[in-house]
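Structural characterization, general
Read off the chains here:
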Amino acid sequence: ILTSNNGSTDGTDSYLRSTGTSHINQLLNIGAAANFNFLWGASRAPFRLFLADDDWLDNSYVSQCFEYMSRHACCQVAGQAFHYVNSTVVGNDSCYQLLDDCPLIRLHRFCNTITTANGVFYGLRTPQNWFFAREQGSDFCDTYFSILTGKLAVIPTTRIHRDFSNWHGTNASE
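Residues numbered from 1 in each chain as written. Predicted model: local features only at pLDDT ≥ 70, side-chain atom pairs only at ≥ 80, totals over all residues. Heavy atoms only, no water.

1. Some details on the overall build of the protein
Applicable threshold: Helix and strand definitions follow DSSP, with helices as H or I runs of at least four residues and strands as E runs of at least two, each counted in order from the N terminus. By the convention used here, residues are in contact when the closest approach between their heavy atoms is within 4.5 Å.
Broken down by element type, the protein carries five helices and eight strands. Helices and strands appear in the protein in the N-to-C order β-α-β-α-β-α-β-β-β-α-β-α-β. Pairs at least 24 apart in sequence give 66% of the contacts found in the protein among residues at least 6 apart.

2. A short note on the nonpolar core
Under the convention used in this document: To qualify as a nonpolar core, a set must consist of buried Ala, Val, Leu, Ile, Met, Phe, Trp, Tyr and Cys residues joined through side-chain atoms within 4.5 Å. Think of it in three bands: residues with accessible area under 20% of the maximum for their type are buried, residues over 50% are exposed, and the middle band is partly exposed, with areas taken using a 1.4 Å probe on protein chains only.
Grouped together as the largest cluster of nonpolar side chains are 26 residues, with contacts concentrated most on Phe-50, Val-77 and Tyr-96. Within the residue set of this core, elements represented by two or more residues are α2 (32-42), α3 (61-72), β4 (76-85), β6 (96-98) and β8 (152-163).

3. So, the confidence of the model for the protein
The cut-off we apply is this: Predictor confidence is given residue by residue as pLDDT, running from a minimum of 0 to a maximum of 100.
Of all residues in the protein, 89% attain a pLDDT of 70 or more, and the chain-wide mean is 84. For the protein, helix α5 (residues 138-149) is the element with the lowest average pLDDT, namely 80, and α3 is the one with the highest, namely 94.

4. As for the pairing of strand β1 (residues 2-6)
What counts is decided by this rule: One requirement defines pairing of two strands: DSSP has to find at least two bridges between them. Call a crossover right-handed when, viewed with both strands pointing away from you, the route from the first strand across the helix to the second goes clockwise.
Where β1 lies against strand β2 (residues 22-26), five bridges are found, and the strand directions are parallel. Counterpart to Thr-3 in the pairing with β2 is His-23. Where the polypeptide runs from β1 across helix α1 (residues 12-19) and back to β2, its parallel neighbour, the crossover connection is right-handed.

5. What about the packing of aromatic side chains?
Going by this rule: Note on ring pairs: Phe, Tyr and Trp rings are taken, using the six-membered ring of Trp, and paired if centres are within 6.5 Å. Classes follow the plane angle, with under 30 degrees stacked, over 60 edge-to-face and the rest tilted. Only when the NZ of Lys or the CZ of Arg is both within 6 Å of the ring centre and within 35 degrees of the ring normal is a charge said to sit over the ring.
As enumerated under the stated definition, the model contains seven aromatic pairs in all. Ring geometry for Phe-110 against Tyr-144: centres 5.9 Å apart, planes inclined by 80°, an arrangement best described as edge-to-face. Placement of the pair is Phe-110 in helix α4 (residues 103-113) and Tyr-144 in helix α5, with a sequence separation of 34 residues. Three or more aromatic residues joined by ring pairs make a cluster, and in this case those are Phe-36, Trp-40, Phe-50 and Tyr-122. The residue whose ring lies beneath Arg-48 is Trp-40, and the NZ or CZ to ring-centre distance is 4.5 Å. The ring of Phe-82 has Arg-159 lying over it, and the distance from NZ or CZ to the ring centre is 3.8 Å.

6. Concerning the environment of Val-90
Relative to the elements of secondary structure, Val-90 occurs in strand β5 (residues 88-92). With relative accessibility at 31%, the residue Val-90 sits in the partly exposed group. Distance from Val-90 to Phe-164, taken between C-alpha atoms, is 9.2 Å for residues 74 residues apart in sequence.

7. Here's the deal with the side chain of Gln-76
Heads up, the rule is: The definition of a polar contact used here is a pair of N or O atoms within 3.5 Å, where within protein one atom must be able to donate a hydrogen and the other to accept one, and adjacent residues in sequence count solely through side-chain atom pairs.
Its place among the elements puts Gln-76 in strand β4. Since its relative accessible area comes to 0%, Gln-76 is described here as buried. Within the structure, Gln-76 has its side chain in polar contact with the side chain of Ser-146 (distance 2.8 Å).

8. Some details on the pattern of salt bridges
Quick reminder of the rule: We count a salt bridge whenever a side-chain nitrogen from Lys or Arg sits within 4 Å of a carboxyl oxygen from Asp or Glu.
According to the stated counting rule, one finds five salt bridges in the structure shown. The salt bridge partner of Asp-13 is Arg-17, with a shortest N-O separation of 2.6 Å. Remark: Arg-17 and Asp-13 occur in helix α1; sequence separation between them is four residues, near one turn of the helix. Between Glu-67 and Arg-71 there is a salt bridge, with the nearest N and O atoms lying 2.7 Å from each other. One end of the pair, Glu-67, and the other, Arg-71, are both in helix α3, four residues apart, so they sit about a helical turn from each other.

Below, the structure written as structure tokens:
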């Protein structure tokens, strides 16, 4: 596990040191997109997965995503995302399997399936499966790139949980 403390001043550094995991302290908050790109470049792992401070996973998340990825030759697999505001579920992402050989069919199915946020962005993925810029909305560009370069899925057997309680200026149920 490689963690980047993105300029937090709330004791995150002390907590991370107590866990014994590898971590890097950014001197200033460089923003989520820049921090994701930094971690992507720093990692040498054969599989990668991103989480933010408002996310948590089912215990079986990584193993189930890896098993599905291996069985179906996918480049990216995520569990179903459930969205919370003040501990109440306010929505969840659709589950889908984009396993067609044709990239354009995969992209078309994705665009006709997704109804909420982009939970697949937080899935387990291979290192060559990364296209992320620093602009807002880059997670969707990254997902489109993933769909065009390989197979991916959101599976219903495990979940990522995302707490939207502290998101300001957005409709948390979307």
